[in-house]
Protein chains: 2
Amino acid sequence: MQLSNTSKYTIRILAYMVNHKDRSLISAKELSENLDIPYKFLTKIMTELVKVGFIESIRGREGGYKFLRKASEITVGDILELFNDAIKNEECILGIDSCDPKQKCALHDKWIKSKVQLQKMFRESTIESIAGEGNKI
Amino acid sequence: MQLSNTSKYTIRILAYMVNHKDRSLISAKELSENLDIPYKFLTKIMTELVKVGFIESIRGREGGYKFLRKASEITVGDILELFNDAIKNEECILGIDSCDPKQKCALHDKWIKSKVQLQKMFRESTIESIAGEGNKI
DNA sequence: ATTTAATACTACCTTGGAGTAGTAATTAAA
DNA sequence: TTTAATTACTACTCCAAGGTAGTATTAAAT
Ligand code: SF4
Ligand code: SF4
(Lines give C-alpha, C1' and ligand atoms only; values in the text may rest on other atoms or scores of the structure.)
(Ligands and ions follow the chains in the order given, each with its own letter.)
Protein backbone atom coordinates (compact mmCIF):
# COMPACT_ATOMS: atom_id res chain seq x y z
CA MET A 1 0.00 0.00 0.00
CA GLN A 2 2.29 2.74 -1.21
CA LEU A 3 3.07 4.83 -4.25
CA SER A 4 5.61 3.78 -6.85
CA ASN A 5 8.98 5.49 -6.75
CA THR A 6 8.24 7.02 -10.11
CA SER A 7 5.11 8.72 -8.76
CA LYS A 8 6.86 9.88 -5.60
CA TYR A 9 9.72 11.32 -7.61
CA THR A 10 7.39 13.05 -10.03
CA ILE A 11 5.40 14.75 -7.30
CA ARG A 12 8.59 16.02 -5.70
CA ILE A 13 10.06 17.14 -9.03
CA LEU A 14 7.02 19.17 -9.98
CA ALA A 15 6.69 20.60 -6.48
CA TYR A 16 10.32 21.67 -6.66
CA MET A 17 9.74 23.31 -10.01
CA VAL A 18 6.81 25.27 -8.64
CA ASN A 19 8.91 26.42 -5.71
CA HIS A 20 11.41 27.79 -8.22
CA LYS A 21 9.04 29.15 -10.80
CA ASP A 22 10.82 32.52 -10.78
CA ARG A 23 13.62 30.85 -12.77
CA SER A 24 12.89 30.31 -16.43
CA LEU A 25 14.44 26.85 -16.76
CA ILE A 26 15.50 24.12 -14.38
CA SER A 27 17.99 21.45 -15.39
CA ALA A 28 17.94 17.71 -14.74
CA LYS A 29 21.27 18.08 -12.95
CA GLU A 30 19.83 20.55 -10.46
CA LEU A 31 16.76 18.41 -9.85
CA SER A 32 18.81 15.27 -9.42
CA GLU A 33 21.18 16.86 -6.94
CA ASN A 34 18.64 18.75 -4.90
CA LEU A 35 16.03 16.01 -4.76
CA ASP A 36 18.53 13.18 -4.47
CA ILE A 37 17.05 11.24 -7.36
CA PRO A 38 19.36 9.14 -9.58
CA TYR A 39 20.23 11.32 -12.56
CA LYS A 40 19.62 8.78 -15.28
CA PHE A 41 16.35 7.66 -13.79
CA LEU A 42 15.22 11.24 -13.42
CA THR A 43 15.92 12.12 -17.05
CA LYS A 44 13.87 9.12 -18.08
CA ILE A 45 10.95 10.47 -16.06
CA MET A 46 11.42 13.99 -17.40
CA THR A 47 11.26 12.78 -20.98
CA GLU A 48 7.98 11.07 -20.16
CA LEU A 49 6.60 14.23 -18.54
CA VAL A 50 7.51 16.13 -21.69
CA LYS A 51 5.78 13.53 -23.85
CA VAL A 52 2.50 13.83 -21.98
CA GLY A 53 2.72 17.60 -22.01
CA PHE A 54 3.07 18.46 -18.33
CA ILE A 55 6.35 20.24 -19.04
CA GLU A 56 8.44 21.24 -22.01
CA SER A 57 12.15 20.91 -22.54
CA ILE A 58 14.74 23.17 -24.10
CA ARG A 59 17.68 21.18 -25.34
CA GLY A 60 21.32 22.20 -25.61
CA ARG A 61 23.56 24.22 -23.37
CA GLU A 62 21.65 26.36 -20.85
CA GLY A 63 18.65 24.18 -21.54
CA GLY A 64 16.29 22.67 -19.04
CA TYR A 65 12.63 22.18 -18.24
CA LYS A 66 9.66 24.39 -17.51
CA PHE A 67 5.92 23.91 -17.09
CA LEU A 68 3.76 23.63 -20.14
CA ARG A 69 0.47 23.00 -18.35
CA LYS A 70 -0.09 25.27 -15.39
CA ALA A 71 0.88 23.81 -12.03
CA SER A 72 -2.56 24.71 -10.77
CA GLU A 73 -4.00 22.41 -13.40
CA ILE A 74 -1.86 19.35 -12.74
CA THR A 75 -3.04 17.19 -9.86
CA VAL A 76 -1.43 14.41 -7.90
CA GLY A 77 -4.21 12.26 -9.31
CA ASP A 78 -3.05 13.06 -12.85
CA ILE A 79 0.43 11.87 -11.94
CA LEU A 80 -0.82 8.66 -10.35
CA GLU A 81 -2.91 7.96 -13.42
CA LEU A 82 0.05 8.51 -15.68
CA PHE A 83 2.11 5.90 -13.87
CA ASN A 84 -0.76 3.50 -13.32
CA ASP A 85 -0.74 4.15 -9.60
CA ALA A 86 -4.24 5.57 -9.25
CA ILE A 87 -7.08 3.97 -7.36
CA LYS A 88 -9.35 3.02 -10.20
CA ASN A 89 -13.04 3.14 -9.59
CA GLU A 90 -13.79 -0.21 -11.14
CA GLU A 91 -10.93 -1.98 -9.41
CA CYS A 92 -11.76 -4.30 -6.50
CA ILE A 93 -9.46 -3.92 -3.54
CA LEU A 94 -9.41 -7.69 -3.20
CA GLY A 95 -8.80 -8.22 -6.89
CA ILE A 96 -12.05 -10.07 -7.56
CA ASP A 97 -12.78 -9.05 -11.13
CA SER A 98 -14.18 -5.55 -11.33
CA CYS A 99 -16.09 -3.61 -8.72
CA ASP A 100 -19.80 -4.14 -8.73
CA PRO A 101 -21.58 -2.65 -5.71
CA LYS A 102 -24.43 -5.05 -6.39
CA GLN A 103 -22.09 -7.92 -5.69
CA LYS A 104 -19.72 -6.68 -3.04
CA CYS A 105 -16.44 -8.16 -1.90
CA ALA A 106 -15.75 -8.82 1.77
CA LEU A 107 -13.96 -5.54 2.35
CA HIS A 108 -16.24 -3.33 0.29
CA ASP A 109 -18.23 -1.66 3.05
CA LYS A 110 -15.14 -0.85 5.09
CA TRP A 111 -13.01 0.18 2.14
CA ILE A 112 -15.42 2.32 0.16
CA LYS A 113 -15.27 5.33 2.48
CA SER A 114 -11.49 5.46 2.50
CA LYS A 115 -11.43 4.89 -1.23
CA VAL A 116 -13.67 7.83 -2.00
CA GLN A 117 -11.77 10.09 0.35
CA LEU A 118 -8.43 9.12 -1.15
CA GLN A 119 -9.62 9.65 -4.70
CA LYS A 120 -11.02 13.06 -3.76
CA MET A 121 -7.80 14.02 -1.98
CA PHE A 122 -5.61 13.07 -4.92
CA ARG A 123 -7.95 14.77 -7.37
CA GLU A 124 -7.98 18.00 -5.39
CA SER A 125 -4.27 18.16 -4.68
CA THR A 126 -2.86 20.34 -7.41
CA ILE A 127 0.89 20.72 -7.65
CA GLU A 128 0.40 24.42 -7.00
CA SER A 129 -1.54 23.70 -3.81
CA ILE A 130 0.95 21.31 -2.25
CA ALA A 131 4.16 23.16 -3.01
CA GLY A 132 4.74 25.27 0.00
CA GLU A 133 6.99 27.00 2.42
CA GLY A 134 9.58 25.07 4.37
CA ASN A 135 8.44 21.66 3.34
CA LYS A 136 11.15 19.08 3.06
CA ILE A 137 11.97 18.14 -0.51
CA MET B 1 -1.59 2.25 -4.58
CA GLN B 2 -2.90 -1.24 -4.07
CA LEU B 3 -2.42 -4.32 -1.95
CA SER B 4 -0.04 -7.10 -2.91
CA ASN B 5 -1.56 -10.24 -4.37
CA THR B 6 -0.38 -12.16 -1.34
CA SER B 7 -2.35 -9.88 0.99
CA LYS B 8 -5.44 -9.97 -1.20
CA TYR B 9 -5.32 -13.75 -1.36
CA THR B 10 -4.83 -14.09 2.38
CA ILE B 11 -7.79 -11.89 3.23
CA ARG B 12 -10.00 -13.93 0.92
CA ILE B 13 -8.66 -17.23 2.20
CA LEU B 14 -9.33 -16.39 5.83
CA ALA B 15 -12.73 -14.90 5.02
CA TYR B 16 -13.64 -18.11 3.22
CA MET B 17 -12.53 -20.18 6.17
CA VAL B 18 -14.74 -18.15 8.50
CA ASN B 19 -17.68 -18.60 6.19
CA HIS B 20 -17.16 -22.36 6.49
CA LYS B 21 -16.25 -22.55 10.13
CA ASP B 22 -18.85 -25.28 10.70
CA ARG B 23 -16.49 -27.67 8.94
CA SER B 24 -13.57 -28.85 11.04
CA LEU B 25 -10.91 -28.69 8.35
CA ILE B 26 -10.55 -27.03 4.95
CA SER B 27 -8.05 -28.24 2.37
CA ALA B 28 -5.76 -26.28 0.10
CA LYS B 29 -7.44 -27.92 -2.88
CA GLU B 30 -10.84 -26.60 -1.87
CA LEU B 31 -9.48 -23.12 -1.24
CA SER B 32 -7.57 -23.07 -4.49
CA GLU B 33 -10.56 -24.15 -6.55
CA ASN B 34 -13.18 -22.01 -4.88
CA LEU B 35 -11.11 -18.86 -4.63
CA ASP B 36 -9.36 -19.32 -7.98
CA ILE B 37 -5.89 -18.96 -6.49
CA PRO B 38 -2.98 -20.94 -8.03
CA TYR B 39 -2.64 -24.08 -5.93
CA LYS B 40 1.11 -24.02 -5.46
CA PHE B 41 1.14 -20.36 -4.60
CA LEU B 42 -1.69 -20.84 -2.16
CA THR B 43 0.07 -23.65 -0.28
CA LYS B 44 3.10 -21.42 0.04
CA ILE B 45 0.92 -18.79 1.69
CA MET B 46 -0.80 -21.35 3.92
CA THR B 47 2.51 -22.61 5.23
CA GLU B 48 3.43 -19.04 6.12
CA LEU B 49 0.09 -18.52 7.89
CA VAL B 50 0.76 -21.68 9.90
CA LYS B 51 4.24 -20.45 10.82
CA VAL B 52 2.96 -17.17 12.22
CA GLY B 53 0.20 -18.96 14.09
CA PHE B 54 -2.93 -17.63 12.41
CA ILE B 55 -3.98 -21.15 11.49
CA GLU B 56 -2.84 -24.69 12.13
CA SER B 57 -2.45 -27.56 9.72
CA ILE B 58 -3.24 -31.24 9.95
CA ARG B 59 -1.14 -33.25 7.56
CA GLY B 60 -1.94 -36.48 5.82
CA ARG B 61 -5.08 -37.80 4.22
CA GLU B 62 -8.24 -35.94 5.31
CA GLY B 63 -5.96 -33.19 6.54
CA GLY B 64 -6.39 -29.47 6.05
CA TYR B 65 -6.33 -26.17 7.86
CA LYS B 66 -8.27 -24.54 10.65
CA PHE B 67 -7.98 -21.37 12.71
CA LEU B 68 -5.56 -21.31 15.62
CA ARG B 69 -6.09 -17.69 16.60
CA LYS B 70 -9.72 -16.66 16.66
CA ALA B 71 -10.99 -14.96 13.50
CA SER B 72 -12.29 -12.17 15.66
CA GLU B 73 -8.74 -11.52 16.77
CA ILE B 74 -7.07 -11.43 13.37
CA THR B 75 -7.37 -8.13 11.55
CA VAL B 76 -6.73 -7.08 7.99
CA GLY B 77 -4.04 -4.87 9.49
CA ASP B 78 -2.29 -7.94 10.91
CA ILE B 79 -2.25 -9.48 7.46
CA LEU B 80 -0.89 -6.36 5.80
CA GLU B 81 1.83 -6.15 8.43
CA LEU B 82 2.76 -9.76 7.87
CA PHE B 83 3.34 -9.18 4.17
CA ASN B 84 4.90 -5.77 4.59
CA ASP B 85 1.92 -4.09 3.01
CA ALA B 86 0.84 -1.96 5.93
CA ILE B 87 0.90 1.82 6.03
CA LYS B 88 3.67 2.40 8.52
CA ASN B 89 3.37 5.38 10.76
CA GLU B 90 6.90 6.56 10.30
CA GLU B 91 6.90 6.15 6.54
CA CYS B 92 6.65 9.27 4.39
CA ILE B 93 4.23 8.99 1.51
CA LEU B 94 6.77 10.73 -0.69
CA GLY B 95 9.62 8.58 0.55
CA ILE B 96 11.64 11.41 2.07
CA ASP B 97 13.37 9.64 4.95
CA SER B 98 11.00 9.04 7.84
CA CYS B 99 7.93 10.96 8.82
CA ASP B 100 8.52 13.92 11.06
CA PRO B 101 5.49 16.18 11.49
CA LYS B 102 7.89 18.96 12.50
CA GLN B 103 9.39 18.82 9.04
CA LYS B 104 6.55 17.97 6.73
CA CYS B 105 6.65 16.79 3.14
CA ALA B 106 4.60 18.50 0.44
CA LEU B 107 1.70 16.08 0.67
CA HIS B 108 1.59 15.76 4.44
CA ASP B 109 -1.40 17.95 5.25
CA LYS B 110 -3.54 16.39 2.54
CA TRP B 111 -2.41 12.84 3.16
CA ILE B 112 -2.50 12.62 6.94
CA LYS B 113 -6.28 12.44 7.24
CA SER B 114 -6.63 9.61 4.76
CA LYS B 115 -3.69 7.84 6.30
CA VAL B 116 -5.17 7.82 9.79
CA GLN B 117 -8.54 6.69 8.50
CA LEU B 118 -7.01 3.88 6.48
CA GLN B 119 -4.94 2.63 9.39
CA LYS B 120 -7.98 2.70 11.64
CA MET B 121 -10.10 0.89 9.07
CA PHE B 122 -7.53 -1.86 8.58
CA ARG B 123 -6.96 -2.19 12.30
CA GLU B 124 -10.68 -2.48 13.04
CA SER B 125 -11.50 -4.91 10.23
CA THR B 126 -11.34 -8.32 11.83
CA ILE B 127 -11.68 -11.35 9.62
CA GLU B 128 -14.81 -12.22 11.56
CA SER B 129 -16.33 -8.81 10.88
CA ILE B 130 -15.77 -8.78 7.12
CA ALA B 131 -16.81 -12.31 6.31
CA GLY B 132 -20.45 -12.09 5.48
CA GLU B 133 -23.46 -13.20 3.60
CA GLY B 134 -23.52 -13.19 -0.14
CA ASN B 135 -20.25 -11.43 -0.64
CA LYS B 136 -18.33 -12.48 -3.69
CA ILE B 137 -15.26 -14.52 -2.90
C1' DA C 1 0.79 -53.27 4.35
C1' DT C 2 -0.48 -50.47 0.56
C1' DT C 3 -2.62 -46.78 -1.48
C1' DT C 4 -4.27 -42.30 -1.54
C1' DA C 5 -4.85 -37.59 -0.34
C1' DA C 6 -3.21 -34.29 2.08
C1' DT C 7 0.71 -30.60 3.79
C1' DA C 8 5.89 -29.14 3.63
C1' DC C 9 10.12 -28.24 1.42
C1' DT C 10 13.52 -26.97 -2.13
C1' DA C 11 14.53 -25.14 -6.27
C1' DC C 12 13.52 -22.98 -10.08
C1' DC C 13 11.21 -19.62 -13.85
C1' DT C 14 8.90 -15.17 -15.23
C1' DT C 15 7.72 -10.44 -15.06
C1' DG C 16 7.78 -5.66 -14.13
C1' DG C 17 9.71 -1.79 -11.50
C1' DA C 18 13.89 0.44 -10.57
C1' DG C 19 18.20 1.80 -11.86
C1' DT C 20 22.62 2.09 -14.94
C1' DA C 21 25.64 2.83 -19.11
C1' DG C 22 26.83 4.67 -23.33
C1' DT C 23 25.97 7.46 -27.04
C1' DA C 24 23.48 10.72 -30.14
C1' DA C 25 21.47 15.16 -30.85
C1' DT C 26 21.07 19.94 -29.77
C1' DT C 27 22.46 24.65 -28.80
C1' DA C 28 24.68 28.46 -26.33
C1' DA C 29 29.12 30.07 -24.83
C1' DA C 30 33.89 30.73 -25.54
C1' DT D 1 34.33 26.78 -35.16
C1' DT D 2 35.16 24.33 -31.31
C1' DT D 3 33.80 23.14 -26.76
C1' DA D 4 30.80 22.45 -23.03
C1' DA D 5 26.45 21.60 -21.17
C1' DT D 6 22.39 20.10 -21.83
C1' DT D 7 18.15 16.68 -23.26
C1' DA D 8 16.86 12.18 -25.91
C1' DC D 9 17.44 7.48 -27.14
C1' DT D 10 18.71 2.58 -26.87
C1' DA D 11 19.95 -1.11 -24.46
C1' DC D 12 21.12 -3.19 -20.92
C1' DT D 13 21.41 -5.03 -15.36
C1' DC D 14 19.32 -6.00 -10.79
C1' DC D 15 15.90 -7.39 -7.58
C1' DA D 16 11.74 -8.76 -5.43
C1' DA D 17 6.97 -10.36 -6.20
C1' DG D 18 4.44 -13.75 -8.26
C1' DG D 19 4.12 -18.17 -9.86
C1' DT D 20 5.56 -23.20 -11.15
C1' DA D 21 7.60 -28.02 -10.69
C1' DG D 22 9.03 -31.93 -8.37
C1' DT D 23 9.67 -34.44 -4.40
C1' DA D 24 9.42 -35.60 0.57
C1' DT D 25 6.60 -36.33 4.50
C1' DT D 26 2.47 -37.50 6.92
C1' DA D 27 -1.60 -40.16 8.20
C1' DA D 28 -6.29 -41.90 7.24
C1' DA D 29 -8.71 -45.17 4.36
C1' DT D 30 -8.68 -49.47 2.23
S1 SF4 E 1 -16.63 -4.47 -3.82
FE2 SF4 E 1 -15.99 -2.84 -2.58
S3 SF4 E 1 -13.99 -3.25 -2.69
FE4 SF4 E 1 -14.60 -4.81 -3.91
S5 SF4 E 1 -14.51 -3.62 -5.57
FE6 SF4 E 1 -16.43 -3.05 -5.22
S7 SF4 E 1 -15.85 -1.38 -4.03
FE8 SF4 E 1 -13.98 -2.05 -4.30
S1 SF4 F 1 5.19 14.37 6.20
FE2 SF4 F 1 3.17 13.74 6.05
S3 SF4 F 1 3.42 12.44 4.53
FE4 SF4 F 1 5.44 12.97 4.68
S5 SF4 F 1 5.75 11.56 6.14
FE6 SF4 F 1 5.17 12.86 7.55
S7 SF4 F 1 3.12 12.28 7.51
FE8 SF4 F 1 3.73 11.07 6.01
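So, here's what we can say about the structure. (Residues numbered from 1 in each chain as written. Chains lettered and ligands numbered in written order. Predicted model: local features only at pLDDT ≥ 70, side-chain atom pairs only at ≥ 80, totals over all residues. Heavy atoms only, no water.)

### With respect to the overall build of chain A
Part 1 of the reasoning: Secondary structure summary: chain A contains 6 helices and 2 strands in total.
Part 2 of the reasoning: Ordered by position from N to C terminus, the α and β elements of chain A give α-α-α-β-β-α-α-α.
Part 3 of the reasoning: With respect to the three principal axes, the spread of C-alpha positions in chain A is 60 × 30 × 25 Å.
Part 4 of the reasoning: The buried share among the 137 residues of chain A stands at 47%.
Part 5 of the reasoning: Sequence-distant contacts, at least 24 apart, represent 60% of the contacts inside chain A between residues at least 6 apart.
Part 6 of the reasoning: Total accessible area on chain A stands at roughly 7300 Å², and carbon and sulfur atoms take up 48% of it.
Part 7 of the reasoning: Positive and negative side-chain charges in chain A, numbering 22 and 19 respectively, have mean positions lying 1 Å apart. (Helix = DSSP H or I, 4+ residues; strand = E, 2+ residues; numbered from the N terminus. Buried < 20%, exposed > 50% of the residue type's maximum accessible area, 1.4 Å probe, protein only. Contact = heavy atoms within 4.5 Å. Areas by Shrake-Rupley, 256 points an atom, 1.4 Å probe, with all protein chains shown as cover. Lys, Arg positive; Asp, Glu negative; His and termini not counted. Charge placed at Lys NZ, Arg CZ, Asp CG, Glu CD.)

### Let's talk about the protein's contact with DNA strand C
Part 1 of the reasoning: As a structural note, the neighbourhood of DNA strand C is formed by 26 residues, with Asn5, Lys40 and Lys44 of chain A together with Ala28 and Ser57 of chain B the closest of them.
Part 2 of the reasoning: Looking at DNA strand C alone, sugar and phosphate atoms form 66% of those within 4 Å of the protein.
Part 3 of the reasoning: Contact distances for DNA strand C include 2.9 Å between a phosphate oxygen and a side-chain N or O atom of Thr6 of chain A.
Part 4 of the reasoning: Here Tyr65 of chain B contributes a side-chain N or O atom positioned 3.3 Å from a phosphate oxygen of DNA strand C.
Part 5 of the reasoning: At the level of secondary structure, the elements contributing two or more residues to the surface near DNA strand C comprise helix H1 (5–19) and helix H3 (39–51) of chain A together with helix H2 (28–35), helix H3 (39–51), strand E1 (55–58) and strand E2 (64–67) of chain B.
Part 6 of the reasoning: Taken together, the residues that form the surface near DNA strand C break down as 7 nonpolar, 10 polar and 9 charged. (Near = heavy atom within 4 Å. Polar contact = N/O pair within 3.5 Å; in protein donor to acceptor, adjacent residues only side chain to side chain. Nonpolar A, V, L, I, M, F, W, Y, C, P; charged D, E, K, R; others polar.)

### Here's the deal with the site of ligand 2
Part 1 of the reasoning: Neighbouring ligand 2 are the residues Glu91, Cys92, Ile93, Cys99, Asp100, Lys104, Cys105, His108, Trp111 and Lys115 of chain B.
Part 2 of the reasoning: In terms of residue class, the shell around ligand 2 is built from 5 nonpolar, 1 polar and 4 charged.

### Some points on the interface of chain B and chain A
Part 1 of the reasoning: Counting residues at the interface gives 39 residues for chain B and 39 residues for chain A.
Part 2 of the reasoning: For the chain B and chain A pair, buried surface summed over both sides reaches about 3600 Å², with 59% attributable to carbon and sulfur atoms.
Part 3 of the reasoning: It is Met1, Lys110 and Lys136 of chain B in chain B that bury the most area against chain A; as a group they hold 24% of the surface buried on that side.
Part 4 of the reasoning: For the pair chain B and chain A, the number of links is 0 salt bridges.
Part 5 of the reasoning: For the pair chain B and chain A, the interface holds 13 residue pairs in polar contact (both at pLDDT 80 or more).
Part 6 of the reasoning: In terms of residue count, the dominant contributor to the side of chain B that touches chain A is helix H5 (residues 108–124) of chain B (9 residues). (Buried area = accessible area lost by both parts, 1.4 Å probe. Salt bridge = Lys/Arg side-chain N within 4 Å of Asp/Glu carboxyl O.)

### Examining the protein's contact with DNA strand D
Part 1 of the reasoning: Around DNA strand D, the surrounding shell holds 26 residues, and the nearest of these are Ala28 and Ser57 of chain A together with Thr6, Lys40 and Lys44 of chain B.
Part 2 of the reasoning: The sugar-phosphate share of atoms of DNA strand D within 4 Å of the protein amounts to 62%.
Part 3 of the reasoning: The separation between a phosphate oxygen of DNA strand D and a polar main-chain atom of Ala28 of chain A is 2.8 Å.
Part 4 of the reasoning: In this structure, a base oxygen belonging to DNA strand D sits 2.7 Å away from a side-chain N or O atom of Lys44 of chain B.
Part 5 of the reasoning: By residue class, the composition of the surface near DNA strand D is 7 nonpolar, 10 polar and 9 charged.

### Some remarks on the packing of H1 of chain A against helix H2 (residues 28–35) of chain A
Residues and elements named next belong to chain A.
Part 1 of the reasoning: At their nearest, the axes of H1 and H2 sit 11 Å apart, and the two run at 110° to each other. The pairing of H1 with H2 is recorded here as roughly perpendicular in orientation. When you trace H1 past H2, the crossing you get is right-handed. Counted together, Arg12, Ile13, Tyr16 and Met17 of H1 and Glu30, Leu31, Asn34 and Leu35 of H2 form the full contact between these two elements. (Axes fitted to C-alpha atoms, helices over the stretch in contact; angles between N-to-C directions. Parallel < 35°, antiparallel > 145°, perpendicular 65-115°, else oblique. Left-handed = near helix turned anticlockwise from the far one by under 90°.)

### Side note on unusual backbone geometry
Residues and elements named next belong to chain A.
Part 1 of the reasoning: Not every positive phi belongs to a glycine, and Asp36 is a case in point at roughly 60°.
Part 2 of the reasoning: Among the secondary structure elements, Asp36 is positioned in the loop between H2 and H3.
Part 3 of the reasoning: Located in the positive-phi region is Asp97, a residue other than glycine, with phi close to 25°.
Part 4 of the reasoning: Position of Asp97 relative to the elements: it lies in the loop between helix H4 (76–82) and helix H5 (108–124).

### A word on the packing of H2 of chain A against H3 of chain A
All names here are of chain A.
Part 1 of the reasoning: Between H2 and H3, the least distance of the axes is 9 Å, while the angle of their chain directions is 125°. Here H3 runs oblique to H2, going by the angle between their axes. Handedness of the H2/H3 crossing: right-handed. In this structure, H2 uses Ala28, Lys29, Leu31 and Ser32 to contact H3, whose residues at the interface are Tyr39, Leu42, Thr43 and Met46.
Part 2 of the reasoning: Tallied by class, the residues present in the contact of H2 with H3 amount to 5 nonpolar, 2 polar and 1 charged.

In short, geometric facts, not functional conclusions.
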